[in-house]
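What follows is each chain in one-letter form.
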Amino acid sequence: MARRRQSLRNIKEIIRLYEAGIKKKKIANITGITRKTVRDYLERAERAGLKYDDIEKLSSKEIYAQLFPISPESMQTRKTQPDWSQIHQEMKKKNVTLTLLWEEFIQANPEGVRSSQFSYHYNQWKKKIDLSMRQVHKFGEKCFVDYAGHTIPIIDQSTGESRKAQIFVAVLGASNYTYAEATWTQSIPNWTSSHVNTFEYFGGVPELVIPDNLKSGVNKACRYEPEINNSYHDLAMHYGVAIMPTRVRKPKDCIFNNCYFQI
């Protein structure tokens, strides 16, 4: 395990005492630093050709740079680390694996990290992401649909009458590309027409549509075989998409639990 570096004041004191003719063991006793560390700093100073008069004229950054030079191997490793956020984005694409990304990386950077280190560093980087959002979605695969929790008031300008409107929201999992619209109810006609408008807005359809267990779409919630209502099933058949409701009491299945919609 690498030892913690001593303060610049201690380093100067070690060199000063040694040049004054004091033995290394005595220096260790005076400074309270281990003999091994004292010997290490003196050897570093000797390799760098640093004397006490020299370090008095140098900045702390210059002193540390000479005592702890960066090896070519370390420089090379740092230069060839990929942009892990970009790698993470690439992992969202269909049929993309870490092995494929490493092969592309190593072709462009022959001196780069090996495959095992590539996977290791990516997984270490990924651990820093908020755990509640660690979902890797493929582009075009999933579309999450639901009604936002709050309604909004719609005021008739001619009568002044206020009426509550529901907010339908659809989000593509990989890109967070979002469609939203207001409807008067959460009825089946409104629910299905909102899907039609969503697909037209996106300019295509995903492989999976993931709704919450809303009555407009799901007659019977079940962990293994939820029962989709007939109208919703017909819509899915027409557009060639699969409906996959979230599991009961599994809020993290739905992306909306990590989103806030401001109206």
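Residues numbered from 1 in each chain as written. Predicted model: local features only at pLDDT ≥ 70, side-chain atom pairs only at ≥ 80, totals over all residues. Heavy atoms only, no water.

A. Here's a closer look at the overall build of the protein. Within the protein one finds eleven helices and eight strands. Total accessible area on the protein stands at roughly 17000 Å², and carbon and sulfur atoms take up 49% of it. (Helix = DSSP H or I, 4+ residues; strand = E, 2+ residues; numbered from the N terminus. Areas by Shrake-Rupley, 256 points an atom, 1.4 Å probe, with all protein chains shown as cover.)

B. The arrangement of the pairing of strand β2 (residues 152-155) in detail. Of the strand pairs in this sheet, β2 and strand β3 (residues 162-172) are connected by four bridges, and their pairing is antiparallel. Note that in β3 the partner of Pro 153 across the bridge is Lys 164. Turn length for the β2-β3 hairpin, with the two strands adjacent in sequence and antiparallel, is six residues, and the turn residue Gly 160 shows positive phi of about 80 degrees. (Pairing = 2+ DSSP bridges.)

C. Fine view of helix α1 (residues 8-19). End to end, α1 covers 17 Å across twelve residues, agreeing with the expected 16 Å (1.5 Å per residue, within 8%). Residues Leu 8, Ile 11, Ile 14, Ile 15 and Leu 17 constitute the buried set of α1. Buried positions along α1 lie against α2 (24-31), α3 (35-48), α4 (52-55) and α5 (60-67). Two residues or fewer after α1 comes Gly 21, characterised by a positive phi angle close to 95 degrees. (Expected span 1.5 Å × (residues − 1). Buried < 20%, exposed > 50% of the residue type's maximum accessible area, 1.4 Å probe, protein only. Contact = heavy atoms within 4.5 Å.)

D. Structural view of the nonpolar core. Judged by nonpolar contacts, the single largest core of 17 residues is most densely connected at Ile 14, Ile 15, Val 38 and Leu 67. Secondary-structure elements contributing two or more residues to this core are α1, α2, α3 and α5. For this core, the element with the highest residue contribution is α1, accounting for five residues. If near-sequence neighbours (up to four positions away) are discounted, Ile 14 is found in contact with Ile 27, Ile 33, Val 38, Tyr 41 and Leu 42. Counting 16 residues, the second largest nonpolar core, distinct from the first, contains Cys 143, Tyr 147, Phe 168 and Val 209. (Core = buried A, V, L, I, M, F, W, Y, C linked by side-chain atoms within 4.5 Å.)

E. Representation of unusual backbone geometry in the model. The backbone phi angle of Asn 176 is positive, close to 65 degrees, even though this residue is not glycine. Relative to the helices and strands, Asn 176 is located in the loop between β3 and β4 (178-183). Among the residues examined, Asn 176 registers a relative accessible area of 47% and is labelled partly exposed.

F. Spotlight on the environment of Glu 207. Tracing the sequence through the fold places Glu 207 in the loop between α10 (188-202) and β5 (208-211). Sequence-wise, Glu 207 and Val 241 are 34 residues apart; in three dimensions their C-alpha atoms are separated by 5.3 Å. With residues near it in sequence (within four places) discarded, Glu 207 still touches Lys 94, Gly 140, Glu 141, Val 241 and Ala 242.

G. Summary view of the confidence of the model for the protein. Residues of the protein with pLDDT of at least 70 account for 79%, and the chain-wide mean is 79. Here helix α6 (residues 72-79) stands out as the least confident element of the protein, with mean pLDDT 49; β4 is the most confident, with 95. Confidence drops under pLDDT 50 across residues 251-263; counting only partners more than four residues distant or on other chains, this segment forms 22 contacts. (pLDDT = per-residue confidence, 0-100.)

H. Quick look at the packing of aromatic side chains. Applying the stated criterion across every chain yields a total of 13 aromatic pairs. A centroid spacing of 6.3 Å and a plane angle of 20 degrees characterise the contact between Tyr 122 and Trp 125, whose relative ring orientation is stacked. Remark: Trp 125 and Tyr 122 occur in helix α9 (residues 115-126); sequence separation between them is three residues, near one turn of the helix. Owing to a relative accessible area of 1%, Tyr 122 belongs among the buried residues under this scheme. For the ring pair Tyr 147 and Trp 191, a centre distance of 5.6 Å and an interplane angle of 40 degrees mean the geometry is tilted. Here Tyr 147, found in strand β1 (residues 142-147), pairs with Trp 191, found in helix α10; they are 44 residues apart in sequence, far enough to count as distant. Assigned by exposure class, Tyr 147 and Trp 191 land together as buried. Each member of the aromatic cluster is reached from another via a ring pair, and the members are Trp 84, Phe 105, Phe 118, Tyr 122 and Trp 125. (Phe/Tyr/Trp six-rings, centres within 6.5 Å; stacked < 30°, edge-to-face > 60°.)

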